[in-house]
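# Working through the structure, step by step
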Amino acid sequence: MRKAKMIFGVIGAGFLSVGAGAVELPAGPNKDVVARACSSCHDLDMVFDAAGQTREGWNGTIEEMTGYGLQLSPSERAQVLEYLTSFLGPDAKKPR
Ligand code: HEC
């Protein structure tokens with residue numbers, strides 16, 4: 001998680017100065033699905049900013065995004081939830 005912490009630190013230091021494309025998701029299974037599904041309406045910054053959520057929390061976020069118009073197949077949805085819980089879950093809390 002070293003790389004992720006670094007990224008969170010950068011965002012914390014200057015959220016507004018982080019431009020589109022500056023944020024890279026931690027490498028891992030299903031990263032591509034998440035990057036594609038979650039960057040079509042807003043920057044992935046939004047996703048990073050919510051790091052530290054439990055599985056239930058992310059599940060709720062996906063529900064909310066579905067309300068905004070996010071479209072995922074059931075298998076993609078499971079992959080996204082798996083990725084977010086593993087890489088941006090409770091163990092990946094942002095330094096405050
Ligand atoms: C169909 C468009 C759309 C897609 C696709 C989308 N979002 Fe969002 N997202 C939004 C909107 C609209 C907001 C609210 C923006 C605001 O408040 O300014 C938002 C806000 C957020 C927030 C901020 C907290 C909140 O609840 O408002 C998070 C976290 C988030 N999105 C995560 C995700 C993740 C993770 C994905 C991929 C699974 C995703 N989004 C895909 C539209 C989308």
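Let us look at the structure shown here. The structure presented is a predicted model; accordingly, all values stated were derived computationally and were not measured.

## Here we look at the site of the ligand
The immediate surroundings of the ligand are formed by 17 residues, with Cys 38, Cys 41, His 42, Glu 64 and Met 65 found nearest. The contact in question runs from a nitrogen atom of the ligand to an N or O atom on the side chain of His 42, over 2.8 Å. For the shell around the ligand, the secondary-structure elements that each account for two or more residues are helix H2 (31–38), helix H3 (45–49), helix H4 (55–68) and helix H5 (74–87). Looking at the shell around the ligand element by element, the count peaks at five residues for H4.

## Things to note about the nonpolar core
Among the nonpolar cores identified, the biggest contains 19 residues, and Val 34, Val 47, Leu 84 and Leu 88 are the most heavily contacted of them. Top element by residues in this core is H5. It accounts for five residues. Once residues within four sequence positions are removed from consideration, Leu 84 is found in contact with Val 34, Val 47, Trp 58, Ile 62 and Gly 89.

## Some thoughts on the coordination of the iron atom of the ligand
Within the first shell, the iron atom of the ligand binds the protein through His 42 (NE2) and Met 65 (SD), at distances of 2.0 to 2.1 Å. Classification of the site at the iron atom of the ligand rests on its six donor atoms, whose angles at the metal span 86 to 180 degrees, yielding the label octahedral. Of the two residues, His 42 is situated in the loop between H2 and H3 and Met 65 in helix H4; the sequence distance between them amounts to 23 residues. Residue Met 65 is classed as partly exposed on the basis of its relative accessible area of 23%.

## Side note on the environment of Ala 37
Tracing the backbone shows Ala 37 in helix H2. Classification of Ala 37 by relative accessible area gives buried; the value is 15%. In this structure, the C-alpha to C-alpha distance between Ala 37 and Arg 77, residues 40 residues apart in sequence, is 9.5 Å. Residues contacting Ala 37, with those up to four places away along its chain left out, are Leu 70 and Leu 72.

## Describing the packing of H2 against H5
Close contact between H2 and H5 brings their axes to 9 Å; oriented N to C, the two are set at 105 degrees. Considering the angle they form, H2 stands roughly perpendicular to H5. Between H2 and H5, the contacting residues are Lys 31, Val 33, Val 34 and Arg 36 on the first element and Glu 76, Gln 79, Val 80, Tyr 83 and Leu 84 on the second. Classifying every residue of the contact of H2 with H5 by side-chain character gives five nonpolar, one polar and three charged.

Basis of the calculations
- Residues numbered from 1 in each chain as written.
- Predicted model: local features only at pLDDT ≥ 70, side-chain atom pairs only at ≥ 80, totals over all residues.
- Heavy atoms only, no water.
- Near = heavy atom within 4 Å.
- Polar contact = N/O pair within 3.5 Å; in protein donor to acceptor, adjacent residues only side chain to side chain.
- Helix = DSSP H or I, 4+ residues; strand = E, 2+ residues; numbered from the N terminus.
- Core = buried A, V, L, I, M, F, W, Y, C linked by side-chain atoms within 4.5 Å.
- Buried < 20%, exposed > 50% of the residue type's maximum accessible area, 1.4 Å probe, protein only.
- Contact = heavy atoms within 4.5 Å.
- Donors = N, O, S within 2.8 Å, 3.2 Å for Na, K, Ca; no water.
- Tetrahedral: all angles 85-135°; square planar, octahedral: opposite > 155°, others 65-115°.
- Axes fitted to C-alpha atoms, helices over the stretch in contact; angles between N-to-C directions.
- Parallel < 35°, antiparallel > 145°, perpendicular 65-115°, else oblique.
- Nonpolar A, V, L, I, M, F, W, Y, C, P; charged D, E, K, R; others polar.

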